[in-house]
Each structure stands twice: as C-alpha cells, then as structure tokens.
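Per-entry structural report
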Amino acid sequence: MDFRLTDEQKMVRDTVRAFVQKELLPLEGDVLRNEREGRVGIEREQLRQLQLKAKELGFWGINTPEEYGGANLGPVMTAIIIMELSHTFVPFAFGGSADNILYHCNEEQKQRYLIPTINGERRSCFALTEPGAGSDAANIKMSAVKDGKHWVLNGEKVFITNGNEADFTMVFAVTDKERGARGVTCFLVDREMGWRSNYIHTMGEWGPASLYFENVRVPEENILGELNQGFTLGMQWIGAGRWNIAARAVGAAERLLQMGIDYAKTRSTFGKPIAERQAIQWMIADSRVEIEATRWLALHAAWMAEEGLDTRHAASIAKLYGSNMANQVADRVMQIHGGMGYTKELPIERWYREMRVWRIFEGTDEIQRFIISRDLLRGYVRLGEELV
Ligand SMILES: Cc1cc2nc3c(=O)[nH]c(=O)nc-3n(C[C@H](O)[C@H](O)[C@H](O)COP(=O)(O)OP(=O)(O)OC[C@H]3O[C@@H](n4cnc5c(N)ncnc54)[C@H](O)[C@@H]3O)c2cc1C
C-alpha cells in the first residue's frame, strides 16, 4: 500500500493550488460584494476568461475523453483537483466538461448537445426531481405520451440546478406507466421546444429552478440512450457526484479551519490568546481529525471508480461523512470567531449556508444511511472486506 502521490499528481495539485492563489483568491472580495448586492458572484464572461487561463495550464475537460479535446485525468486526480479548488468559495469550475450521461448521445445528438456543451456554447441541466418525488425518484409522474413521431411531455420538475440558465435539459419522464422505474425515459429537450423555468430562492447564493412542461412536443430522435432505460442514466449521473462532494468538503473545511487557527492565535480574551484555551484547541483538533478522515474516504471512493469497481457503498459513506463534517467544521470555525464569525464581513456564514445543501442534494443524509445499512443488512457488503 502506497499513500504517496505520484510526481504527476503532485504537479497537478501544486499547479491548481497556485491557480487558486493567483487567480481566484483575489476575487473573493468582489464575489462577496456582488452577492451582497444581489448580483451573481462572477459574470459568465469573467468565468469564461478564467477558464481560458486555466486551459493554458492544461486544465480543460479534466474528465473529458481526449477525443473531445479533454485531459481525461480520471477520478483520483479529479478528487485531488476538487480538494484544491474548493479552498475558495469563488464559483469557478474548469471548462471543457459535460454531464457524464451526455456521452450516451448518438452521433447526431453529439453534434447538437454533447460537443457544444463541452465547448461552453450550450448549457445543460439535469431534471429528475419533481414536487412529489425527490428521494423517491422512481415515483416521478411527468408523462411522455407518443403522438406520431413526437413525444408529448407534461409535468413539473423542481430544484433543477442551472434550470434557469440552461439551453436544454436532460429531463426524465414516464413513457410506460406499468413498468415503474423501468418505464422512465430521458429526453434531450431544448428550451425553444417550449418548457419554462422559474428561479427558486434558497439560503445559498445561487438557486435552482422549477421547470414547467405543458404539451411540449419532443421529436422521437431526442431520446437519450434507450426508451425506458432513463432511470439507469439518472442513477449514473447522481452516483458520480457523491465522492466529489466529499472532496469539496475537504478543501472548504481546510480553508475554514486555517481561518479558525489564525484567528485563535490573534484574538485574546482574559489576558491570553483563545488558542491557549482547551475549548478552542479541541475544536481545532476534532476538525483536523474529521477532515483527514474525509480525505481518505473521498480518495478511496475515487480510487474505486478509477479501478472500475462498484463505488456505491464507498461513495455513500464519503458523501454522508464529508458533508456532515464540513457543516460541523463551519459551525466550529464560526464559534471560534465569536460575533465576527456571524457577520458578512467574513465568508464563514456564506460557506455555512452553501454547505448545508450538501447534506440534502445528490441523496440526503437519510438516503445515504439507508443505502449503507441496506448494503450491510442484505449482505451486499461485508464488514472486514473493505480492502479489495
Ligand atoms: C439546491 C438544490 C439543487 C438541486 N439540484 C437538483 C438537480 O440539478 N436535479 C435534480 O433532479 N434534483 C436536484 N435537487 C433535488 C434534490 O436531489 C432533492 O431535493 C433531494 O433528493 C431530496 O428530495 P426532496 O427534496 O423531495 O425531499 P424528500 O424526498 O421529500 O425528503 C424529505 C425528508 O425525508 C427524508 N426521507 C425521505 N425518504 C426517506 C426514507 N425512506 N427514510 C428516511 N428518511 C427519508 C429525507 O432524507 C428528508 O429529510 C436539488 C436540490 C437542491 C436543494
């Protein structure tokens, strides 16, 4: 067993770290100010310029196959990169990527959806959740009824990330009511085909959207993958994000903890720095332990993905532990800062609000616990056999 990073991994980590230092950290003040005044943190054009700078360093399509111009760095490297990038709350992501399930496009769909998305010319959104079906995703009701060479879609989706900005959606609808989850199909639907969206205000700095479909006619060639095979695609999309959230939790919590350490050394009460109080030291120590545990959970799940192993159990553990850890660390770091921690002068409260959703989307805490316990109770996973 070798826990050392390879030279290439170290080089990538250090390059992303330098990029964050040089290009993103200086923007934090502007992002906070823009958001406080009701604007987006960074405008689309500024994001694009940053993505092009990153491209010059080789960071373009970090998970995109080479044949589409990507670097295709793989899950472990991606986890390492996310841990570095999430040291800042500046809403930045490298360009050149597309949702994993868009690779199920046929040749003709690739030209209209996959490639323009990779190139940043079109934006997608993933629309599974409905007002009556979130955790219980197999219970969606949006209907798709065949009419000649079209499918006619009716229903509502809710909490769709990028739903207000997207040019097209990958939307899931029931094409065969009798077959439950095996009667669900994924459709590629352009906004011009007639769906509407409404922004949803959340406690975070960005919001998802509700999507409305009223007799939206979708050509039959716009099915993504196979008819009635949509649910598998939906689960594939959701599954890929789970250990990413744990990786994000590591970077963000590390940055917050460093803020807590720095503040504890300079803030004095009753004649000495609060860093000399055991109450503060224990918050620092517990945070450090939990961040370290999350790091290895995330890397292990990513490594399993790289090896082509079934990551579902490991990814649920990493997501559950990591998202709770980040919330806990943010709470402690706010406590260490006292009243200052609660103000909008510092980014702690912003991060605190953003991280709360990590425990809700891509499978809630309770759903992760359900998966983990089910795997054990049914014997899909055995204790003591975690090392493969
Ligand atoms: C900011 C944001 C962005 C999102 N982005 C997207 C997106 O891009 N695309 C998309 O399709 N969806 C998206 N979602 C939806 C998200 O995946 C769902 O909100 C989430 O899966 C929970 O579903 P729900 O809100 O319907 O809650 P429910 O499923 O109604 O759950 C309510 C509560 O009951 C608990 N619960 C549910 N079932 C059980 C059970 N069997 N046992 C124990 N407890 C249970 C839940 O854990 C939760 O605490 C997003 C949500 C948010 C908030």
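Look up: the structure comes first, before these words.
Residues numbered from 1 in each chain as written. Predicted model: local features only at pLDDT ≥ 70, side-chain atom pairs only at ≥ 80, totals over all residues. Heavy atoms only, no water.

1. A closer look at the site of the ligand
Inclusion rule: When at least one non-hydrogen atom of a residue lies within 4 Å of a molecule or strand, that residue is treated as near it. Pairs of N or O atoms within 3.5 Å make up the polar contacts considered here, provided that, within protein, one atom can donate a hydrogen while the other can accept it, and that residues adjacent in sequence are counted only when both atoms are side-chain atoms. The Shrake-Rupley method, run with a 1.4 Å probe sphere, supplies the accessible areas, and residue values consider only the shown protein chains as cover. Three categories are distinguished: nonpolar for Ala, Val, Leu, Ile, Met, Phe, Trp, Tyr, Cys and Pro, charged for Asp, Glu, Lys and Arg, and polar for the others, with Gly belonging to the last.
Close to the ligand lie 16 residues, the nearest being Thr 129, Ser 135, Phe 159, Thr 364 and Glu 366. Leu 128 places a polar main-chain atom, nitrogen or oxygen, 3.0 Å from an oxygen atom of the ligand. In this structure, an oxygen atom belonging to the ligand sits 2.6 Å away from a side-chain N or O atom of Thr 364. Calculation on the ligand without its partners gives an accessible area of 970 Å², and the protein chains cover 63% of this total. Residues of the shell around the ligand, tallied by class, amount to 9 nonpolar, 5 polar and 2 charged.

2. Some points on the environment of Lys 141
To be explicit about the condition: Numbering of helices and strands runs from the N terminus, with a helix taken as a DSSP run of H or I at least four residues long and a strand as a DSSP run of E at least two residues long. Accessibility here uses a 1.4 Å probe with only protein chains present; expressed as a share of the type maximum, an area under 20% marks a residue as buried, one over 50% as exposed, and anything in between as partly exposed. By definition in these notes, contact holds between two residues if any of their heavy atoms fall within 4.5 Å.
Along the chain, the position of Lys 141 falls in the loop between strand 1 (124–127) and strand 2 (143–147). A residue is classified by how much of its surface remains accessible, and Lys 141, at 60% relative accessible area, is exposed. Expressed as a C-alpha distance, the spacing of Lys 141 and Gly 230, which sit 89 residues apart in the sequence, is 14 Å. Once residues within four sequence positions are removed from consideration, Lys 141 is found in contact with Glu 130 and Val 174. Separated by 2.8 Å, the side chains of Lys 141 and Asn 139 make a polar contact.

3. Quick notes on the pattern of salt bridges
To keep it simple, the criterion reads: We count a salt bridge whenever a side-chain nitrogen from Lys or Arg sits within 4 Å of a carboxyl oxygen from Asp or Glu.
Evaluation of the coordinates by the stated rule reveals 30 salt bridges. Of the charged contacts in the structure, one is a salt bridge between Glu 84 and Arg 17, with a shortest N-O distance of 2.9 Å. Taken as a pair, Glu 84 in helix 4 (residues 75–85) and Arg 17 in helix 1 (residues 7–24) lie far apart in primary sequence, 67 residues in all. Accessibility expressed as a relative area gives 7% for Glu 84, which makes it buried. For Asp 365, the salt bridge identified is with Arg 359, shortest N-O distance 2.7 Å. With relative accessibility at 2%, the residue Asp 365 sits in the buried group. Given a relative accessible area of 23%, Arg 359 falls into the partly exposed group. Each of Glu 35, Arg 248, Arg 350 and Glu 354 takes part in one network of salt bridges that share partners.

4. Thoughts on the nonpolar core
Defined as follows: Buried Ala, Val, Leu, Ile, Met, Phe, Trp, Tyr and Cys residues that are joined via side-chain atoms within 4.5 Å together make up what is termed a nonpolar core.
Of all hydrophobic cores here, the largest spans 63 residues; its most connected members are Ile 81, Phe 92, Phe 94 and Leu 256. At the level of elements, helix 1, helix 2 (28–36), helix 3 (44–56), helix 4, helix 6 (230–266), helix 7 (278–306), helix 8 (312–336) and helix 10 (348–356) are the ones that each hand at least two residues to this core. The element best represented in this core is helix 6, accounting for 13 residues. Once residues within four sequence positions are removed from consideration, Phe 94 is found in contact with Val 16, Phe 19, Gln 51, Ala 54, Phe 59, Ile 62, Ile 81 and Leu 85. Core analysis: the next-biggest nonpolar cluster, separate from the first, contains 24 residues, Tyr 113, Leu 114, Ala 133 and Leu 224 among them.

5. Description of the side chain of Gln 368
Checked against the element boundaries, Gln 368 lands in helix 11 (residues 365–377). The contacts of Gln 368, once residues within four sequence positions are left out, are Arg 242, Ser 316, Lys 319, Leu 320, Glu 362 and Gly 363.

6. Digging into the state of the cysteines
Note the following rule: By disulfide we mean two sulfur atoms from cysteines, separated by a distance within 2.5 Å.
A full pass over the atoms with the stated rule returns 0 disulfides. Unpaired in this structure, Cys 125 has its nearest cysteine sulfur neighbour in Cys 186, at a distance of 10 Å. Judged by relative accessible area, which is 2%, Cys 125 ranks as buried.

7. Things to note about the environment of Ala 93
Structurally, the position occupied by Ala 93 is in the loop between helix 4 and helix 5 (107–118). With 43 residues separating them along the chain, Ala 93 and Leu 50 place their C-alpha atoms 9.1 Å apart. Those residues in contact with Ala 93 that lie beyond four places of it in its chain are Leu 47 and Gln 51.

8. Description of the packing of helix 8 against helix 10
Note the cut-off: All axes are obtained by fitting lines to C-alpha atoms, using only the stretch in contact for helices, and the reported angles, taken between N-to-C directions, cover 0 to 180 degrees. Should an angle fall under 35 degrees it is taken as roughly parallel, and over 145 as roughly antiparallel, whereas 65 to 115 is taken as roughly perpendicular and any remaining angle as oblique. By convention, the crossing between two helices is left-handed when the near helix turns anticlockwise from the far helix through less than a right angle, and right-handed when the turn is clockwise.
Following both chains from N to C, one finds helix 8 and helix 10 inclined at 160°, their axes separated by 9 Å at the closest point. In terms of orientation, helix 8 and helix 10 fall into the roughly antiparallel class. Helix 8 and helix 10 meet at a crossing whose hand is left-handed. Contacts between helix 8 and helix 10 involve Ala 326, Asn 327, Ala 330, Asp 331, Val 333 and Met 334 on the former and, on the latter, Ile 348, Glu 349, Tyr 352, Met 355 and Arg 356. Residue composition of the contact of helix 8 with helix 10, grouped by class: 7 nonpolar, 1 polar and 3 charged.

9. Focus on helix 5
Along helix 5, the positions that sit buried rather than exposed are Gln 109, Lys 110, Tyr 113, Leu 114, Pro 116, Thr 117 and Ile 118. Against strand 1, strand 4 (168–174), strand 5 (184–190) and strand 8 (223–224) lie the buried residues of helix 5. Of the residues one or two after helix 5, Gly 120 is the one with positive phi, at around 80°.

10. Observations concerning the packing of aromatic side chains
Defined as follows: Side-chain rings of Phe, Tyr and Trp, where Trp is taken by its six-membered ring, are said to pair if the distance between their centres is within 6.5 Å; with planes under 30 degrees apart they count as stacked, over 60 as edge-to-face, and otherwise as tilted. Charge over a ring is defined by NZ of Lys or CZ of Arg lying within 6 Å of the ring centre and within 35 degrees of the ring normal.
For the structure shown, the criterion picks out 12 aromatic pairs. Taking the centre distance of 5.4 Å and the plane angle of 90° together, the rings of Phe 92 and Phe 94 count as edge-to-face. As far as burial versus exposure is concerned, Phe 92 and Phe 94 are alike and both buried. Taken together, the ring pairs connect Phe 19, Phe 59, Phe 92 and Phe 94 into an aromatic cluster. Over the face of the ring belonging to Trp 60 we find Lys 55, whose NZ or CZ atom lies 4.4 Å from the ring centre.

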